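If you want the building blocks of each chain, they are given just below.
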Amino acid sequence: MNRTLRPLLVIFCVLTVLTGVVYPLAVTLVGHLLFAREASGSLIAADGKLIGSSLISQPFSDPKYFWGRISATSPMPNNASGSTGSNLGPTNPALLEVVKARIAEFKAADPENSSPVPVDLATASGSGLDPHISPAAAYYQVARVARSRHMSPEALRRLVQQRIEGPQWGLFGEPRINVLLLNLALDRAQ
(Lines give C-alpha, C1' and ligand atoms only; values in the text may rest on other atoms or scores of the structure.)
Protein backbone atom coordinates (compact mmCIF):
# COMPACT_ATOMS: atom_id res chain seq x y z
CA MET A 1 0.00 0.00 0.00
CA ASN A 2 2.79 2.45 0.91
CA ARG A 3 4.58 1.74 -2.40
CA THR A 4 1.47 2.74 -4.33
CA LEU A 5 0.38 5.67 -2.20
CA ARG A 6 3.72 7.49 -2.04
CA PRO A 7 4.16 8.00 -5.85
CA LEU A 8 0.53 9.09 -6.13
CA LEU A 9 0.97 11.74 -3.43
CA VAL A 10 4.20 12.97 -5.03
CA ILE A 11 2.53 13.26 -8.44
CA PHE A 12 -0.47 14.99 -6.85
CA CYS A 13 1.73 17.55 -5.09
CA VAL A 14 3.88 18.21 -8.18
CA LEU A 15 0.84 18.67 -10.43
CA THR A 16 -0.85 20.88 -7.83
CA VAL A 17 2.18 23.18 -7.69
CA LEU A 18 2.56 23.21 -11.48
CA THR A 19 -1.08 23.80 -12.36
CA GLY A 20 -2.10 25.77 -9.27
CA VAL A 21 0.92 28.02 -8.79
CA VAL A 22 3.52 27.95 -11.57
CA TYR A 23 1.14 28.05 -14.55
CA PRO A 24 -1.12 30.85 -13.22
CA LEU A 25 1.92 32.94 -12.29
CA ALA A 26 3.49 32.40 -15.71
CA VAL A 27 0.28 33.34 -17.53
CA THR A 28 -0.15 36.43 -15.34
CA LEU A 29 3.45 37.50 -15.93
CA VAL A 30 3.21 37.03 -19.70
CA GLY A 31 -0.15 38.87 -19.72
CA HIS A 32 1.31 41.84 -17.86
CA LEU A 33 4.41 41.92 -20.05
CA LEU A 34 2.66 41.63 -23.42
CA PHE A 35 -0.78 43.11 -22.68
CA ALA A 36 -0.29 45.37 -19.66
CA ARG A 37 -3.41 47.50 -20.21
CA GLU A 38 -5.72 44.56 -20.85
CA ALA A 39 -4.29 42.47 -17.99
CA SER A 40 -4.99 45.35 -15.63
CA GLY A 41 -8.66 45.52 -16.63
CA SER A 42 -8.52 48.07 -19.49
CA LEU A 43 -9.08 50.85 -16.96
CA ILE A 44 -9.83 54.38 -18.12
CA ALA A 45 -8.87 57.50 -16.22
CA ALA A 46 -9.82 61.11 -16.91
CA ASP A 47 -8.19 64.04 -15.16
CA GLY A 48 -6.26 61.61 -12.97
CA LYS A 49 -9.46 59.95 -11.73
CA LEU A 50 -10.42 56.35 -12.46
CA ILE A 51 -13.80 56.39 -14.20
CA GLY A 52 -14.30 52.87 -15.46
CA SER A 53 -13.20 50.10 -17.76
CA SER A 54 -13.60 49.91 -21.51
CA LEU A 55 -14.72 46.30 -21.00
CA ILE A 56 -17.67 46.92 -18.65
CA SER A 57 -20.70 49.10 -19.25
CA GLN A 58 -21.27 52.25 -17.24
CA PRO A 59 -24.70 53.64 -16.35
CA PHE A 60 -25.68 56.78 -18.29
CA SER A 61 -29.15 58.28 -17.96
CA ASP A 62 -28.52 62.00 -18.45
CA PRO A 63 -29.98 63.14 -21.82
CA LYS A 64 -26.66 64.84 -22.70
CA TYR A 65 -24.95 61.43 -22.91
CA PHE A 66 -25.37 58.40 -25.13
CA TRP A 67 -27.07 55.57 -23.30
CA GLY A 68 -25.94 51.95 -23.46
CA ARG A 69 -27.77 48.68 -23.28
CA ILE A 70 -29.96 47.58 -20.39
CA SER A 71 -27.97 45.94 -17.62
CA ALA A 72 -29.54 42.76 -16.25
CA THR A 73 -27.03 42.33 -13.45
CA SER A 74 -28.18 42.03 -9.88
CA PRO A 75 -28.69 43.27 -7.27
CA MET A 76 -28.20 46.55 -9.20
CA PRO A 77 -27.56 47.49 -12.84
CA ASN A 78 -23.96 47.56 -14.13
CA ASN A 79 -22.70 45.46 -11.24
CA ALA A 80 -19.44 43.99 -12.55
CA SER A 81 -19.31 41.41 -9.77
CA GLY A 82 -22.77 40.14 -10.71
CA SER A 83 -22.38 39.47 -14.40
CA THR A 84 -25.49 37.72 -15.63
CA GLY A 85 -28.15 37.89 -18.26
CA SER A 86 -31.81 38.32 -17.43
CA ASN A 87 -32.54 34.65 -18.21
CA LEU A 88 -35.83 35.78 -19.74
CA GLY A 89 -36.60 33.72 -22.82
CA PRO A 90 -38.17 35.18 -25.98
CA THR A 91 -41.63 33.85 -25.03
CA ASN A 92 -41.50 35.15 -21.45
CA PRO A 93 -44.05 37.98 -20.93
CA ALA A 94 -41.66 39.64 -18.46
CA LEU A 95 -39.12 40.16 -21.28
CA LEU A 96 -41.77 41.87 -23.37
CA GLU A 97 -42.59 44.19 -20.45
CA VAL A 98 -38.90 45.11 -19.98
CA VAL A 99 -38.50 45.81 -23.69
CA LYS A 100 -41.70 47.91 -23.81
CA ALA A 101 -40.55 49.92 -20.78
CA ARG A 102 -37.14 50.56 -22.32
CA ILE A 103 -38.67 51.63 -25.65
CA ALA A 104 -41.04 53.96 -23.77
CA GLU A 105 -38.03 55.43 -21.93
CA PHE A 106 -36.29 56.25 -25.23
CA LYS A 107 -39.48 57.62 -26.79
CA ALA A 108 -40.10 59.84 -23.73
CA ALA A 109 -36.52 61.14 -23.82
CA ASP A 110 -36.86 62.09 -27.50
CA PRO A 111 -40.54 62.35 -28.51
CA GLU A 112 -39.64 63.92 -31.86
CA ASN A 113 -37.75 60.81 -32.96
CA SER A 114 -40.15 58.60 -34.92
CA SER A 115 -37.54 55.99 -35.87
CA PRO A 116 -37.83 52.53 -34.35
CA VAL A 117 -35.62 52.02 -31.28
CA PRO A 118 -32.71 49.74 -32.25
CA VAL A 119 -32.97 46.31 -30.68
CA ASP A 120 -29.71 46.58 -28.75
CA LEU A 121 -31.07 49.60 -26.85
CA ALA A 122 -34.17 47.65 -25.78
CA THR A 123 -32.51 44.39 -24.73
CA ALA A 124 -29.73 43.30 -22.40
CA SER A 125 -26.62 41.44 -23.48
CA GLY A 126 -25.80 37.93 -22.26
CA SER A 127 -23.46 39.25 -19.58
CA GLY A 128 -25.55 42.28 -18.68
CA LEU A 129 -22.35 44.33 -18.92
CA ASP A 130 -21.82 44.91 -22.64
CA PRO A 131 -20.06 48.29 -23.03
CA HIS A 132 -20.91 48.57 -26.74
CA ILE A 133 -23.88 49.61 -28.82
CA SER A 134 -24.39 49.37 -32.55
CA PRO A 135 -23.76 52.41 -34.76
CA ALA A 136 -27.52 52.46 -35.43
CA ALA A 137 -28.15 52.77 -31.68
CA ALA A 138 -25.74 55.69 -31.44
CA TYR A 139 -27.17 57.46 -34.49
CA TYR A 140 -30.67 56.98 -33.03
CA GLN A 141 -29.63 59.09 -30.01
CA VAL A 142 -27.84 61.88 -31.91
CA ALA A 143 -30.79 64.32 -31.99
CA ARG A 144 -31.45 64.03 -28.23
CA VAL A 145 -27.79 64.44 -27.28
CA ALA A 146 -27.33 67.33 -29.75
CA ARG A 147 -30.35 69.18 -28.31
CA SER A 148 -29.20 68.62 -24.71
CA ARG A 149 -25.69 69.89 -25.46
CA HIS A 150 -26.68 72.60 -27.95
CA MET A 151 -24.44 70.96 -30.54
CA SER A 152 -24.83 70.52 -34.25
CA PRO A 153 -26.27 67.07 -35.09
CA GLU A 154 -23.83 66.87 -38.02
CA ALA A 155 -20.83 67.40 -35.71
CA LEU A 156 -22.20 64.76 -33.38
CA ARG A 157 -22.70 62.29 -36.26
CA ARG A 158 -19.05 62.83 -37.26
CA LEU A 159 -17.97 62.13 -33.67
CA VAL A 160 -20.03 58.91 -33.66
CA GLN A 161 -18.52 57.91 -37.02
CA GLN A 162 -15.00 58.39 -35.62
CA ARG A 163 -15.75 56.10 -32.65
CA ILE A 164 -16.98 53.10 -34.67
CA GLU A 165 -14.85 50.01 -34.05
CA GLY A 166 -14.80 47.33 -36.73
CA PRO A 167 -15.28 43.61 -36.14
CA GLN A 168 -12.72 41.97 -33.85
CA TRP A 169 -9.58 41.27 -35.92
CA GLY A 170 -11.63 42.25 -38.97
CA LEU A 171 -13.53 38.95 -38.76
CA PHE A 172 -15.65 38.46 -35.67
CA GLY A 173 -18.75 40.39 -34.69
CA GLU A 174 -20.36 43.52 -35.97
CA PRO A 175 -19.21 47.14 -36.01
CA ARG A 176 -19.74 48.65 -32.58
CA ILE A 177 -19.21 51.74 -30.43
CA ASN A 178 -17.95 51.77 -26.86
CA VAL A 179 -20.43 54.02 -25.01
CA LEU A 180 -18.00 55.15 -22.29
CA LEU A 181 -15.32 56.11 -24.82
CA LEU A 182 -17.90 57.90 -26.99
CA ASN A 183 -19.18 59.90 -24.01
CA LEU A 184 -15.64 60.81 -22.98
CA ALA A 185 -14.93 62.00 -26.53
CA LEU A 186 -18.17 63.95 -26.39
CA ASP A 187 -17.12 65.70 -23.17
CA ARG A 188 -13.72 66.53 -24.70
CA ALA A 189 -15.36 67.89 -27.85
CA GLN A 190 -17.31 70.41 -25.81
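For the structure, check the block above.
Keep in mind the model is a prediction, meaning the values are calculated, not measured.

Enquirer: Is there a simple way to think about the side chain of Asp-110 in this case?
Expert: Considering the arrangement of structural elements, one finds Asp-110 in the loop between α3 (93-109) and α4 (119-122). A residue is classified by how much of its surface remains accessible, and Asp-110, at 2% relative accessible area, is buried. Side chain to side chain, Asp-110 and Arg-147 meet in a polar contact 2.5 Å long. Once you skip the residues sitting within four places of it in the chain, Asp-110 turns out to touch Tyr-140, Ala-143, Arg-144 and Arg-147.

Enquirer: In this structure, what is going on with the sheet that holds strand β5 (residues 176-178)? I would like to understand it.
Expert: Across a sheet, paired strands are connected by hydrogen bonds in the backbone, their directions being either parallel or antiparallel. One open sheet accounts for 3 strands, arranged β3-β5-β4; its pairing is antiparallel. The open sheet has two free edges, formed respectively by β3 (132-133) and β4 (164-165), since each of these has just one partner strand. Where β4 lies against β5, 2 bridges are found, and the strand directions are antiparallel. Counted as the bridge partner of Ile-164 is Ile-177 from β5. Sheet strands touched by helix α7 (residues 179-189): β3, β4 and β5. Its angle to β5, the strand with the most contacts, is close to 65°.

Enquirer: Just to check I follow, could you spell out the packing of α3 against helix α5 (residues 135-149) for this structure?
Expert: Two elements in contact, α3 and α5, have axes whose closest approach is 10 Å; the angle formed by their N-to-C orientations is 45°. Between α3 and α5, the interaxial angle falls into the category oblique. The segment α3 lies against α5, with Phe-106, Lys-107 and Ala-109 engaging Tyr-140, Gln-141, Arg-144 and Arg-147. For the contact of α3 with α5, the class distribution of residues is 3 nonpolar, 1 polar and 3 charged.

Enquirer: Teacher, can you tell me more about the environment of Leu-182 here?
Expert: Secondary-structure assignment places Leu-182 in helix α7. Leu-182 sits 141 residues away from Gly-41 along the chain, and the two C-alpha atoms are 19 Å apart. In this view, Leu-182 contacts Phe-66, Ala-138, Leu-159, Val-160, Arg-163 and Ile-177; residues no more than four positions away in its chain are not counted.

Enquirer: What is the right way to read the packing of aromatic side chains from this model?
Expert: For any pair of aromatic rings, geometry is given as the distance between the ring centres together with the angle between the planes. Counted under the stated rule, the structure contains 4 aromatic pairs. Taking the centre distance of 5.4 Å and the plane angle of 45° together, the rings of Phe-60 and Tyr-65 count as tilted. Residue class for Tyr-65 comes out buried when judged on its relative accessible area of 16%. Directly above the ring of Trp-67 sits Arg-144, whose terminal nitrogen or CZ lies 4.0 Å from the centroid. Above the ring of Tyr-65, the side-chain terminus of Arg-149 is found at 4.8 Å from the ring centroid.

Rules used throughout
Residues numbered from 1 in each chain as written. Predicted model: local features only at pLDDT ≥ 70, side-chain atom pairs only at ≥ 80, totals over all residues. Heavy atoms only, no water. Helix = DSSP H or I, 4+ residues; strand = E, 2+ residues; numbered from the N terminus. Buried < 20%, exposed > 50% of the residue type's maximum accessible area, 1.4 Å probe, protein only. Polar contact = N/O pair within 3.5 Å; in protein donor to acceptor, adjacent residues only side chain to side chain. Contact = heavy atoms within 4.5 Å. Pairing = 2+ DSSP bridges. Axes fitted to C-alpha atoms, helices over the stretch in contact; angles between N-to-C directions. Parallel < 35°, antiparallel > 145°, perpendicular 65-115°, else oblique. Nonpolar A, V, L, I, M, F, W, Y, C, P; charged D, E, K, R; others polar. Phe/Tyr/Trp six-rings, centres within 6.5 Å; stacked < 30°, edge-to-face > 60°. Lys NZ or Arg CZ within 6 Å of the ring centre and 35° of its normal.

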